[in-house]
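Here are the chains, one letter per residue:
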Amino acid sequence: MRVLLVDDSKVMRNIQRKILAGLGWEEITEAADGAEALECIASHAPELILLDWNMPVMDGLEFLKKLRSAGNKTPVIMVTTEAEKSRVITAVQAGANNYMIKPFTADQLKERIEQTLKRHAA
Amino acid sequence: MRDHAFESEFVAAMHEALSFILASVGVQNVQATATRARTSGDRWNEVTGIITYSGDIAGAVALTAPLATANAMVHALAGEMLSHESEDYTDAFGELVNMICGRTKAALRGENSISVPTVVIGDCTGRAAGLEGPTTVVLCESGLGPFAVEFAIRVRAAGLASSAKGAA
């Protein structure tokens, strides 16, 4: 499974990378903002994207809108501190497939990933 | 103008967020021991993480901790000891502040946004922290040691001033 981690915090990317490695997914690419992530899309062709919201340069929502407007349907899980219901709705309307609020446990992230991939495959 | 009802709401939301986020990384017994106005004689701790709020409220929040407490907090999140001179250290401390301020924001009324965090190691000033105007200091104790939250937030939306949760 090719996964793209997009988060301006290297520490958060490391935490997510360790969880993904525990699931046996080690083909992981990282980006520190939305603009970097867009550059990774063509070369990496991820099958899943874990996406932070608040980032410098280009935030997660703008990245998501650009991704979907380009016709890319890769499943995206927003992984963010943005916890308001209105933010969840905004993200889903922009094309997010699922939503995970930081902080999270390994089991919570694993469950959210499996749920997202199952829905996407259906 | 200070809005004391809103400040009470903000302190309650911040305390809940501190307890929840720090507990999630294994830090127990987070207690606010005193809340008071900042004075000119107050000193900053060695590590300070700052986030600004904009929207229906505006201002800044700083989580400031002595080096020993900050080291332990960073270790709790990152799962490893990091040098306070490394980028990963400021990254981890900033992420903690980000999670705390994000959760606080979600508990407040209105539409608000938070900035990406800034972390200052060493001397900080109210101006550097974006704390302009009357500043409230919440002194805290935790299983990892003492720290403080300082904030200077003003209400911009008229509807929020009189409708703070818990206001009489």
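Residues numbered from 1 in each chain as written. Chains lettered and ligands numbered in written order. Predicted model: local features only at pLDDT ≥ 70, side-chain atom pairs only at ≥ 80, totals over all residues.

> I'd like to hear about the overall build of chain A, residue by residue, with values.
Along the backbone of chain A there are five helices and five strands. For chain A, the succession of helices and strands along the chain, N to C, is β-α-β-α-β-α-β-α-β-α. Relative to the 2.2 N^0.38 estimate, which gives 14 Å for 122 residues, the radius of gyration of chain A is 13 Å and therefore close to what a compact globule would have. Relative to its full complement of 122 residues, chain A shows a buried share of 40%. Looking at chain A alone, contacts between residues at least 24 apart form 60% of all its contacts between residues at least 6 apart. (Helix = DSSP H or I, 4+ residues; strand = E, 2+ residues; numbered from the N terminus. Rg over C-alpha atoms; globule rule 2.2 N^0.38 Å. Buried ≥ 20, exposed ≤ 12 C-beta atoms within 10 Å, placed from the backbone. Contact = placed C-beta atoms within 7 Å.)

> Lay out the overall build of chain B in plain terms, naming residues and giving numbers.
Counting its regular elements, chain B contains four helices and seven strands. Helices (α) and strands (β) of chain B occur, in sequence order from the N terminus, as α-β-β-β-α-α-β-β-β-β-α. Out of the 168 residues belonging to chain B, those deemed buried represent 42%.

> Any details on the nonpolar core? Residues and values, ideally.
One finds Met 73, Val 74, Ala 92, Phe 93, Leu 96 and Ile 100 of chain B to be the most contacted residues of the largest nonpolar core, which totals 49 residues. Of all the secondary structure elements, the ones that give two or more residues to this core are helix H1 (10-22) of chain A together with helix H1 (4-24), strand E2 (47-55), strand E3 (57-65), helix H2 (67-78), helix H3 (87-107), strand E6 (136-141) and strand E7 (147-155) of chain B. At eight residues, H3 of chain B tops the list of elements feeding residues into this core. One finds Ala 37, Phe 63, Ile 77 and Ala 91 of chain A within the second-largest nonpolar core, a separate group that totals 25 residues. (Core = buried A, V, L, I, M, F, W, Y, C linked by C-beta atoms within 7 Å.)

> Kindly report on the confidence of the model for chain B, identifying the contributing residues and their values.
All names here are of chain B. Scored by pLDDT, chain B comes out at a mean of 87, with 90% of its residues at no less than 70. The weakest mean pLDDT in chain B belongs to helix H4 (residues 158-161) at 62; the strongest belongs to H2 at 96. Within the model, pLDDT remains below 50 along residues 162-168, and this stretch shows 10 contacts once partners closer than five positions in the same chain are excluded. At the level of chain-chain contacts, confidence expressed as ipTM amounts to 0.87, with global pTM at 0.89. (pLDDT = per-residue confidence, 0-100.)

> So what's going on with the sheet that holds strand E2 (residues 27-31) of chain A? Which residues, and what values?
Residues and elements named next belong to chain A. Across the sheet, which stays open at both edges, the five strands sit in the order E2-E1-E3-E4-E5 with parallel pairing between neighbours. Whereas interior strands pair on both sides, the edge strands pair on one side only; in this sheet they are E2 and strand E5 (98-101). Sheet twist, expressed as the mean angle between neighbouring strand axes with direction ignored, is 20°. As judged from the three bridges shared by strand E3 (residues 48-51) and strand E4 (residues 76-80), these two strands associate in the parallel manner. Looking across to E4, one finds that Ile 49 is bridged to Val 76. H1 contacts strand E1 (2-6), E2 and E3 of the sheet and is inclined by roughly 160° relative to E1. (Pairing = 2+ DSSP bridges. Axes fitted to C-alpha atoms, helices over the stretch in contact; angles between N-to-C directions.)

> Could you give me a rundown of helix H3 (residues 60-69) of chain A, with the residues and numbers involved?
All names here are of chain A. By the burial criterion, the buried members of H3 are Gly 60, Leu 61, Phe 63, Leu 64 and Leu 67. Across the axial projection of H3, the buried residues extend over an arc of 160°, all falling on one side. The elements touched by buried residues of H3 are E1, helix H2 (34-44), E3, E4 and helix H4 (85-94). Residue Gly 71 follows H3 closely and has a positive phi angle near 85°. (Arc of directions from axis to C-beta.)

> Pulling in residues and values, what's your account of the pairing of E2 of chain A?
Residues and elements named next belong to chain A. Here E1 runs beside E2; their pairing, made up of five bridges, is parallel. The residue of E2 that forms the bridge with Val 3 is Ile 28. One crossover worth recording links E1 to the parallel E2 by way of H1, and it is right-handed. (Right-handed = clockwise from strand over helix to strand, strands pointing away.)

> Outline the interface of chain B and chain A, listing residues and values.
At the interface, 16 residues of chain B touch 14 residues of chain A. Per-element accounting of the side of chain B that touches chain A gives the leading share, nine residues, to H3 of chain B. Residues that form the side of chain B that touches chain A fall into these classes: nine nonpolar, three polar and four charged. (Nonpolar A, V, L, I, M, F, W, Y, C, P; charged D, E, K, R; others polar.)

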